[in-house]
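Single-letter residue listing:
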Amino acid sequence: MIVGDCWIGINQDLGNGLILAARVGKHTDELISQFLVKTEGKTDCQQWHTDGWGGYERVLPTDVKHI
């Protein structure tokens, strides 16, 4: 068995708790890009709560704040 880093991204509507999108995989720019595509059109939120990984600055649009 191969064990490595695993990350889960969840986009959740804070109003009702509905999960709008989710991705699981290695912590890479590609995974964040895929998650962003799955999220498009489902929310207009411009503030993302993240784990501080530097890849978000490379992938998220500049108008999205990540904290």
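If you're wondering where the values come from, they're calculated on a predicted model, not measured in any experiment.

Rules used in this analysis
- Residues numbered from 1 in each chain as written.
- Predicted model: local features only at pLDDT ≥ 70, side-chain atom pairs only at ≥ 80, totals over all residues.
- Heavy atoms only, no water.
- Buried < 20%, exposed > 50% of the residue type's maximum accessible area, 1.4 Å probe, protein only.
- Helix = DSSP H or I, 4+ residues; strand = E, 2+ residues; numbered from the N terminus.
- Pairing = 2+ DSSP bridges.
- Salt bridge = Lys/Arg side-chain N within 4 Å of Asp/Glu carboxyl O.
- Polar contact = N/O pair within 3.5 Å; in protein donor to acceptor, adjacent residues only side chain to side chain.
- Contact = heavy atoms within 4.5 Å.
- Patch = residues over 30% accessible without salt bridge, like charges linked within 9 Å, V, L, I, M, F, W, Y side chains within 5 Å.
- Areas by Shrake-Rupley, 256 points an atom, 1.4 Å probe, with all protein chains shown as cover.

A. Representation of the pairing of strand 1 (residues 7-12) within the structure. Alternating residues of strand 1 divide into Trp 7, Gly 9 and Asn 11, all buried, and Ile 8, Ile 10 and Gln 12, none buried. The pairing of strand 1 with strand 2 (residues 19-25) spans six bridges and is antiparallel. When the sheet's bridge partners are listed, Asn 11 is paired in strand 2 with Ala 21. Here strand 1 hands over to strand 2 after six residues, with Gly 17 in that stretch at a positive phi of 80°.

B. Structural context of the pattern of salt bridges. Applying the stated rule across the entire model yields one salt bridge. For Arg 58, the salt bridge is made with Asp 29, and the minimal N-O distance between the two is 2.8 Å. You can see Arg 58 sitting in helix 2 (residues 55-59) and its partner Asp 29 sitting in helix 1 (residues 29-39), a full 29 residues away along the chain. You can call Arg 58 exposed: its relative accessible area is 56%.

C. The side chain of His 27, seen in detail. Following the sequence through the fold, His 27 ends up in the loop between strand 2 and helix 1. Side-chain polar atoms of His 27 contact the side chain of Trp 7, separated by 3.2 Å. Within the local environment of His 27, its side chain forms a polar contact with the side chain of Tyr 56, the two groups lying 3.5 Å apart. Contact partners of His 27, with chain neighbours within four places excluded, come to Asp 5, Trp 7, Asp 51, Trp 53 and Tyr 56.

D. Examining a nonpolar patch on the surface more closely. Where nonpolar side chains cluster on the molecular surface, the patch consists of Ile 8, Ile 10, Ile 19 and Val 24 and spans about 380 Å² of accessible area. Its place among the elements puts Ile 19 in strand 2. For Ile 19, a relative accessible area of 52% translates into the label exposed.

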